[in-house]
Structures are given as structure tokens and as C-alpha cells.
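Now for the letters of each chain:
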Amino acid sequence: MSAPLLEVEDLWVQLPTEEGIVRAVDGVSYTVDRGRCLGIVGESGAGKSVSAMAVMGLTRFSRARIAGAVRFEGRDLLTASDDELRRLRGNDIAMVFQDALSSLHPYFRVGDQIAGAVRAHQQIARRRARERAAEILALVGVPDPRRSMAAYPHELSGGMRQRAMIAMGLVNEPKLLIADEPTAALDVTVQAQILELLQRLRRELSTAVVLITHDLGVVAQMADEIAVMYAGRIVERAPAATLLAAPEHPYTWGLLQSIPHPSAEGQSDLVPIAGRPPSLIHPPSGCSFHPRCPYAREVHRRVDPRLEPVPDDGAAHRVACLLPVEVRRRMWRALRGGADHRQARTLADEEGTG
Amino acid sequence: MQYLSYMTDVFLRLDFGFSFQSNADVLGLILARLPATVQLALGAVVLWLAAGIGLGVVSAVRRRTLVDRVSMGVALVGISAPVYWLGLVAIYLFSEDIGLIPLLPGIGGYVPPTEDLSAWLGSMILPWCVLAASLAAIYSRVLRASLLDVMSEDYIRTARAQGLRERRVVLRHGLRGALTPVVTLAGLDLGVLLGGAILTESVFNLPGVGRLAYDAIVRGDLPVIQGTVLFGAFFIIVMAIIVDVLYAYLDPRVRHA
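None of the values given here were measured: they were computed from a predicted structure.

> Can you walk me through the pattern of salt bridges in this structure?
Where charged atoms from two side chains of opposite charge come close, those side chains can pair. Evaluation of the coordinates by the stated rule reveals 29 salt bridges over all chains. In this structure, the salt-bridge partner of A:Arg130 is A:Asp112, at a minimum N-O distance of 2.6 Å. You can see A:Arg130 sitting in helix H5 (residues 126-139) and its partner A:Asp112 sitting in helix H4 (residues 110-119), a full 18 residues away along the chain. In this structure A:Arg130 comes out as partly exposed when scored by relative accessible area, which is 25%. Classification of A:Asp112 as partly exposed rests on a relative accessible area of 33%. Two residues, B:Asp215 and B:Arg211, come together in a salt bridge whose shortest N-O distance is 3.9 Å. One end of the pair, B:Asp215, and the other, B:Arg211, are both in helix H9 (residues 209-219), four residues apart, so they sit about a helical turn from each other. As far as the burial class goes, B:Asp215 and B:Arg211 line up, both buried. Here the residues in one salt-bridge network are A:Arg34, A:Glu73, A:Asp92 and A:Lys175, joined through shared partners.

Here is the structure:
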């Protein structure tokens, strides 16, 4: 068995700010195999983007402190030289950012920017690079690539801009594409198109994808595996189908319940997660989700849960929750049956004691 | 009524009146002085942009290091030092006759480039440097701030994510974004200087428009004062228009607005 394409092990990223040290990523581990898609889900500020930037080595340009290991095809990227990393960036690992308008250079033509990405890694003539840019633009479904290449980013529509951004990421046929909220700034219909496009490209180019989003609905369509991040940590990780059908963490429940289901005949049973994401400068003691968790007990303020395999659900499903597994399952059943937090809690408590 | 007739003369007949002093045609006086002023301004603009941008980039890239601190410190001195003082010090140090390090002949004796190119160069180098010094200092600070701003933009992150060399990220993607305010400023400053750099021209005894204005003020030669002021205003307006057009060229987003 060969090593996984990307292996992130106990990654820590700390960003010094004026108010204090932000623990943006707090011991995150995951692996991505060739051609697979990992979805990383969480609220803004959960450390999703920062962990991805650390993988790309982009955190080197800030004063971030990083620990742990990031291995790409077995090579440790955190100890790699700047130049080694640079050769990898945009060539073997590419990144697509959210908000293509601010992420594309406003003063350069789209075609030149894509061609520039080619020429960063291949010594070929400008003309060849531009041909390559036209090819990739056609591949991502930009009609009339020649015209779009001559356009400046602000002259394209949001959907076309994001396609151009994706084209730029894929132009060197990377083995891994990190897509950071690729659909966040787009209309819903365009979002669906972009997701379909990513799906198709993933199949055609057999690129592995790390899809970062705050929208469980987005990863549900695409990911093979889903990791849920909260306050700089992964709180639950499982194959996509398992996570969506049998989530174990109350935070995942909250995320699932805040997705609208058009099928539910007009009734609005969207349940937002109460409270706000915690400060990463002074993270809460114990389980970092306890201040917002409707099921938190007294001990959860003190004990810090670890990401552990869920009993009798295979090693692939891991969760960091202090609630006993039977209690969690009763709660999720109750919630799915339409109960609210309080009902679920009392029910679980009663059954637990009775 | 007098004003009206002056203005119609100026705008319709390009007639700026006659000097009280020499009874010469004001327009002719100004045009005769213009070459030296234009030479001074254009030479200086090249110098101060080169120095200002170079220093600005270096201190932005090496932010918070010794290089940054020293160059910004020098820039502060440059901004604070008045041109007449800097000019006199420069003359004291470098001029042929009284200088401590007599390197440059011909200071204070302007020779048109058509007559003797090397003598002209010798007479212009110090004025260029002195005039450029304070402006270069301002520009390096402006560019440093602007480049630091741009380097935290999303599109710089994208450029890095493409795997471009850092030199290219800074010099192409970064500088291209940071240059706009500098160009705007440079255009306007150039406009002001084309109207005559009174101090520099006086210190180095250059026969430019600024010197003409100064002499006219001293002698109370009103038509010449009026003429030079109008000329100055004219250049400022022209440069402002050029800058606006350049803006559309520099920032494609402006073109369609």
C-alpha cells in the first residue's frame, strides 16, 4: 500500500495578533488519498482555511507558528525549503479561493494570469502557455475562451470568474486541489453548476480535492469523507454517507438541522445553532463546544474530549464528544423525529436513568 | 473690465502683456525660460521615481528590518530638509570652486544642452539630485505603504498559490497594484514643477520659469508674475488631465465607469 497523497498529522497553527495568540488550528489530522474528496465543514473562524493555507505553505508569509506534520506523497512540507514548496504550489497542489473577484489580479487579463500560472512551472513560450490557458478555460465550461482571456476579471460574471479561478488552479493538472469555499460568493444556481463542474473535473483529471465549506449541503454532494471542524479542531470525521445518516456530534447535528430541506412540506424546522463561535485566543475550557451545546453537562467544562473511534461503527468514524454513545444515539433519533433540544435531552436522560 | 480684457487677450490672442521691467513680451520671456525648467523637472522626475520606488519596494519587502528603518529614516530627513538648505550643502560639498569634494564642474553656470552637452549635464546633475531628494523621500514612503497594503490583498495570495517566485510576486503582481497612487502623485508633482521650481532654480542659478517668477516678484513686475502664475496653473491642469487618462490605462476597472 502506498502512502496517502496528503497526510496531515497533528497540525497546529498559531497566529500572533495584537490581542493575543490565535490558536487557529489546534491539532488537526486527516488524510486524503489519490483522487478522493475530503470535505472540511465548519463555521467561519473554525480554522478550515488556515489549515489549508498551512498545507500550501502560504502561512509562511505571515508570522504564523506551525507545528505538526504535513506530508505530501511522503514528503514533509513543513520542513521543506521555500523554493521546494514554491515548485509544488500551483503545480502538484493548487488552491481555488472564494471570491474570485478579489482573488484574481484586477489589473491583469484573465488569460495572462492563467498563462502566468503555467509559466511559473514550465519553461514554455508565452504562446504555448496561452493555448494551454484557452484549453483549460474550455474544459471548465467557459464559452468563447479567447474572449474571456482578453477580459479583465471585473468584466466577467461571478460564475465565469470562479470558473476562471478553477481553471487557473487546474491548469497544471495538480494531484490535489484545495477548494476554499469555491461557491460562497455565487448565486445558488451558479453554485450548483460550479459543484457539478468540480465533480466532473475530479473524475476527468482524477484530482484529489479538499473541499472547504461552511455548507454541509455542498460537501454532501461531493465528498467521500467529511471532517467537521469546530474551534480549530476536527470534532467529527466519517465517510460522507455515515456522517450524514448517523452523525454523533451535537455540533454536526446542529449543522445538519440548519440546512433547509425543500422536501419538508413548507414547514420551517430550521434550527440555528445558538451562540457564536468561540474566541480562539481564549478558547473555552473542557470541550470547546460546551458553551453552545444544549446537552453539555457539568464535567464537560473541565474535560477535553479526544477524537476517538465511535464504538461499533468502524474505525473510519471518529468523534470528539463526552456524551456516552447510547445517549447520543437516543438524542439524534429524537431530534430526527422532530423533537427540540430540550425534549431530546430529557428523553435521553430519562431513558438513561430508567 | 481690465481683468476681462486681460483674459480675452490671454485666451484668444495668447497675449500675456509686456513686462514692466524690460518691456519684453511676457510669453516670449516665459518660453525662453521654459527649456531649463522642463529639463530640470523631467530629469528630476526620472530620478525621484527610480529612487522612490526602489527604496519603497526594498523597505516594504524588508519590513521591520534594519534596511527598512534606515531607509525610512533617511527618507524622513529628506522630507524634512528644505531644498534651499540641501541645495547649499550640496554646492558646498561638490562644486568645483568652493566644494570640499570638487567633483562637478559648472554648477551655477547653466549651459543649454545644444551648446555643450557635458557642461549641461554637469550643471544639471546637482539640481536634479537635490530636487529629486525630497520628492523621492515622500514617494518611497507612499510606495512602501501602498505596497504593504497590496501585499495583503487576496490576489497576492493567489499569485503565491500559483507558485510564482516571490520576486515576481512582488515586482509584478504587487508593484502593479501599488503603483497607481504613485503615478497620480507623480503627475501632479510634475505639473507643479513644470510651472517652475523657484527654490531649486534660485539656488543653482538656473534660468527657468521659477527664477523668472522670483525676479518678477522682487521687482514688482506684475504682468510677468501673472504670466508665470497662469503658466503654472496651466501645467497643473494639463498634468491632472494626463493623470486621469493614465488612470484609465493603469486601472482597467476605471475604463467602463
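> Explain the packing of helix H3 (residues 66-80) of chain B against helix H5 (residues 117-151) of chain B to me, please; I cannot follow it from the model alone.
For any two helices packed against each other, one specifies the inter-axial angle together with the distance between the axes. Residue and element names in this part refer to chain B. Viewed as axis vectors pointing N to C, H3 and H5 meet at an angle of 135°, and their least axial separation amounts to 7 Å. Considered as vectors, H3 and H5 are oriented oblique to each other. For the crossing formed where H3 meets H5, the hand is left-handed. Residues Asp68, Met72, Ala75, Leu76, Gly78 and Ile79 of H3 pack against Ser134, Ala137, Ile138, Ser140, Arg141 and Arg144 of H5. Within the contact of H3 with H5, the residues separate by chemical class into six nonpolar, three polar and three charged.

> What exactly am I supposed to notice about unusual backbone geometry here?
Glycine aside, residues mostly have negative phi angles, and peptide bonds mostly take the trans form. Residue and element names in this part refer to chain A. At Glu73, a residue that is not glycine, the phi angle is positive and equals roughly 50°. Residue placement: Glu73 occurs in the loop between strand E4 (65-72) and strand E5 (75-76). Unlike most non-glycine residues, Asp99 shows phi in positive territory, near 55°. By secondary structure assignment, the location of Asp99 is in the loop between strand E6 (93-96) and helix H3 (100-103).

How each quantity is defined
- Residues numbered from 1 in each chain as written.
- Chains lettered and ligands numbered in written order.
- Predicted model: local features only at pLDDT ≥ 70, side-chain atom pairs only at ≥ 80, totals over all residues.
- Heavy atoms only, no water.
- Salt bridge = Lys/Arg side-chain N within 4 Å of Asp/Glu carboxyl O.
- Helix = DSSP H or I, 4+ residues; strand = E, 2+ residues; numbered from the N terminus.
- Buried < 20%, exposed > 50% of the residue type's maximum accessible area, 1.4 Å probe, protein only.
- Axes fitted to C-alpha atoms, helices over the stretch in contact; angles between N-to-C directions.
- Parallel < 35°, antiparallel > 145°, perpendicular 65-115°, else oblique.
- Left-handed = near helix turned anticlockwise from the far one by under 90°.
- Contact = heavy atoms within 4.5 Å.
- Nonpolar A, V, L, I, M, F, W, Y, C, P; charged D, E, K, R; others polar.

Read these as spatial facts, not as claims about activity.
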